Amino acid sequence: MATIHAPLFIGGEELEAGREGTATTYDPATGKEFATYAVGGIEDVDQAVAAARDAFDSGPWRRLKPFERGRILHRIGEGLLARREEIARNLVLDSGKPLRDAYWEVDCSARFFEFYAGACDKLQGTSVPLGPGVMDWTIREPIGVSAQIVPWNYPLQVAVRGVAPALATGCTVVIKPASETPLALRELAQICREVGLPKGVLNIVAGSGSVVGDRLARHPGVDQVTFTGSVQVGRRVSEAAAVNAVPANMELGGKSPQLLFADADLDTSLPIVHSGMYLHAGQVCNAGTRLLVERSRHDEVVERLHRMNTAMTLGRGLDDPDMGPVVSAGQKRTVEEYMAIARSEGQLLEGAELPGDSSLSDGYFVRPSLVVAAGATARVTQEEIFGPVLSVVPFDTAEEGITIANDSEFGLVAGVHTTNISTAMLAAQELAAGQVWINSFGVGLDVEFPFSGYKRSGFGREKGLEALDGYQQVKNVAVAF
Ligand code: NAD
């Protein structure tokens with residue numbers, strides 16, 4: 001029986017039910033109900049946008065001294081850390097991820113608030129030299145009401161990745177969580193209230209993509225849209241934003257390559273390649289799902305990775321296994337369909353046994369897998385699966401490896417594993433990706449550098465100081481004297 005409930009959060013008030021009532025959410029490890037949530041409808045979105053509009057136009061937020069805004073953001077980060085255990089456990093039950101990954105998500109979310117808290121009083125403009133008799137300068141102002149639509153894989157971290165810089169600039173926000181993970185922002189709302197974030201500055205409306213998401217994206221009261229999710233939905237949200245002629249940040253999918261050169265130290269590189277792929281069962285936008293290996297090491301790499309997969313443990317996230325379930329029955333079906341495609345295109349090597357515990361038999365578990373000999377253009381190598389399926393493709397020269405890496409409609413990130421500095425530099429210059437990791441794949445609580453994709457992986461930038469640009473507009477003032 002569910003005991004946890006996530007209300008809507010509009011104008012500083014928690015609403016136990018939305019216009020579409022309430023619904024149940026399921027633990028991916030057991031397939032059983034574990035919480036309920038309020039389901040918003042069109043009127044809830046309208047109400048939330050009105051609250052955000054009012055909080056922006058006439059409220060105190062954007063008029064606060066910047067350092068005072070920063071203090072409030074800092075306190076939100078502290079609030080997240082103070083409730084780390086509770087939030088992490090709910091994230092596990094919501095999304096299925098192992099507990100250590102959920103702790104990382106809370107820590108990283110707190111870092112976003114800390115980082116942008118420090119930026120609030122440094123949003124400076126420039127002075128423009130025009131010669132005698134004129135003074136000219138630029139001012140950076142908040143863009144207004146930001147509509148944010150987020151996915152389920154990192155439902156707190158991806159949400160605050162957009163919320164924290166938006167609030168730092170003085171914007172107000174309406175955010176829609178994914179239906180699979182409606183619980184993730186419950187504590188955030190409570191913390192915002194506790195630390196004195198003014199009413200209406202942050203509003204949360206859960207509900208379906210086609211109702212709440214669509215209304216939010218095309219709402220005329222919105223000044224900017226940040227969308228994180230699939231290319232398919234991103235196109236629709238871009239169109240909706242275009243109807244209102246407002247800017248949009250698109251953080252979309254990926255099929256990111258990891259290039260493993262023959263000179264790499266496999267003892268160091270393979271654990272990085274492996275975790276860069278199988279973290280959260282491969283349900284990571286920047287998962288390194290295409291492994292391109294210099295041919296002379298191909299068979300050895302396949303054998304070692306397969307052994308690593310076989311040694312993995314699968315189980316419920318709260319027991320902190322190597323890999324948890326995928327998020328939903330639908331996602332499990334999608335992954336299994338791709339596994340069938342992989343078998344027809346190449347060879348599918350499945351690792352880790354499914355959990356033997358009968359209480360988990362209804363959970364959404366799939367086995368970590370490698371696909372060999374499918375080739376660079378196979379569907380399984382080209383399409384985003386969003387599950388634990390790694391395609392391995394051999395290459396002969398650095399140029400060929402880079403060409404294969406770039407042969408994708410996506411361009412989110414790329415990994416390079418080599419001990420040769422010239423190879424690393426060549427790859428960094430030539431790879432068509434928003435971020436290139438050399439001898440790494442993700443580094444710590446990475447909030448400081450810009451992140452987003454080339455090609456279909458999106459546009460606009462999240463994280464780092466660059467993210468602030470998406471939530472500001474530039475005013476120029478010229479004074480003749
Ligand atoms: P999705 O596109 O199905 O859904 C994303 C969000 O959009 C959800 O909240 C959903 O309810 C909403 N939505 C659905 N239809 C809508 C509509 N018509 N109008 C407005 N909103 C709508 O994606 P998902 O399955 O939740 O997440 C997986 C995808 O997200 C993958 O492609 C992954 O690569 C991508 N992703 C990208 C990043 C990044 O930073 N680039 C980060 C995480 C996930």
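Residues numbered from 1 in each chain as written. Predicted model: local features only at pLDDT ≥ 70, side-chain atom pairs only at ≥ 80, totals over all residues. Heavy atoms only, no water.

## Let's talk about a nonpolar patch on the surface
Taken together, the side chains of Met135, Trp137, Ile139, Val479 and Phe481 define a hydrophobic patch exposed on the protein surface, amounting to about 490 Å² of accessible area. With three residues, strand 6 (residues 134-142) is the single largest residue contributor to the nonpolar patch. For Phe481, the location among the structural elements is in the segment after strand 22 (472-480). (Patch = residues over 30% accessible without salt bridge, like charges linked within 9 Å, V, L, I, M, F, W, Y side chains within 5 Å. Areas by Shrake-Rupley, 256 points an atom, 1.4 Å probe, with all protein chains shown as cover. Salt bridge = Lys/Arg side-chain N within 4 Å of Asp/Glu carboxyl O. Helix = DSSP H or I, 4+ residues; strand = E, 2+ residues; numbered from the N terminus.)

## As for the site of the ligand
If you check the shell around the ligand, you find 27 residues, and the closest are Val150, Arg161, Ser230, Leu252 and Glu384. Note that an oxygen atom of the ligand is positioned 2.7 Å from one of the backbone N or O atoms of Val150. Trp152 places a side-chain nitrogen or oxygen 3.0 Å from an oxygen atom of the ligand. Contact with the protein chains removes 88% of the 850 Å² of surface that the ligand exposes when unbound. Listed by contribution, the elements that provide at least two residues to the shell around the ligand are helix 7 (209-217), strand 10 (224-228) and helix 8 (231-243). (Near = heavy atom within 4 Å. Polar contact = N/O pair within 3.5 Å; in protein donor to acceptor, adjacent residues only side chain to side chain.)

## Some points on helix 9 (residues 266-278)
Here helix 9 contains 13 residues, and its C-alpha end-to-end distance of 17 Å stays within 8% of the 18 Å for a straight helix at 1.5 Å per residue. Turning to helix 9, its buried residues number three or more, namely Leu266, Ser269, Leu270, Val273, His274, Gly276, Met277 and Tyr278. On the buried face of helix 9, the contacting elements are strand 12 (257-260), strand 13 (290-294), helix 10 (298-310), strand 15 (369-372), strand 16 (389-395) and strand 18 (413-417). Where helix 9 starts, the residue carrying a side-chain oxygen 3.1 Å from the main-chain nitrogen of Asp267 turns out to be Asp265. (Expected span 1.5 Å × (residues − 1). Buried < 20%, exposed > 50% of the residue type's maximum accessible area, 1.4 Å probe, protein only. Contact = heavy atoms within 4.5 Å.)

## Thoughts on the pattern of salt bridges
Applying the stated rule across the entire model yields 31 salt bridges. A salt bridge links Arg53 to Asp57, with the nearest nitrogen and oxygen atoms 3.0 Å apart. With Arg53 and Asp57 both in helix 1 (residues 42-57) and four residues apart, this pair spans about one turn of that helix. Owing to a relative accessible area of 22%, Arg53 belongs among the partly exposed residues under this scheme. Among the charged side chains, a salt-bridge network with shared partners connects Asp267, Arg297, Glu300 and Arg304.

## Description of the sheet that holds strand 14 (residues 347-350)
With mixed pairing, seven strands are arranged side by side in an open sheet as 14-15-16-13-12-18-19. Of all the strands in the sheet, the pair left with one neighbour each is strand 14 and strand 19 (435-438). Within this sheet the neighbouring strands show an average axis-to-axis angle of 20 degrees, counted without direction. Against the sheet, helix 9 makes contact with strand 12, strand 13, strand 15, strand 16 and strand 18, and its axis sits at roughly 170 degrees relative to strand 12, the strand it touches most. Along the sheet, helix 11 (residues 329-345) makes contact with strand 14, strand 15 and strand 16, crossing strand 14 at roughly 130 degrees. (Pairing = 2+ DSSP bridges. Axes fitted to C-alpha atoms, helices over the stretch in contact; angles between N-to-C directions.)

## A short note on the pairing of strand 5 (residues 32-38)
For a regular strand, side-chain orientation follows a simple rule: the groups alternate between the two sheet faces. The pairing of strand 1 (residues 4-6) with strand 5 spans three bridges and is classified as parallel. Along strand 5, the bridge assignment pairs Ile4 with Ala35. The turn joining strand 4 (residues 22-27) and strand 5, which pair antiparallel and follow one another in sequence, is formed by four residues; a positive phi near 75 degrees is taken by Gly31.

## Things to note about the domain arrangement of the protein
For the protein, the domain assignment lists domain 1 (4-252 + 458-480) and domain 2 (257-446). Each of domain 1 and domain 2 was reduced to a C-alpha centroid, and the two centroids are 31 Å apart. Opposite the 29 residues of domain 1 that make contact, domain 2 presents 30 residues. Approximately 2,400 Å² of surface area, both sides summed, lies buried where domain 1 meets domain 2, with 60% of it carried by carbon and sulfur atoms. The largest share of the area that domain 1 buries against domain 2 comes from Pro28, Ala29 and Trp152, three residues that together contribute 22% of it. Our enumeration of links across domain 1 and domain 2 arrives at two salt bridges. A salt bridge links Asp446 to Lys463; the nearest nitrogen and oxygen atoms lie 3.6 Å apart. The tally of links between domain 1 and domain 2 comes to nine residue pairs in polar contact (both at pLDDT 80 or more). (Domains from an automatic or database assignment. Buried area = accessible area lost by both parts, 1.4 Å probe.)

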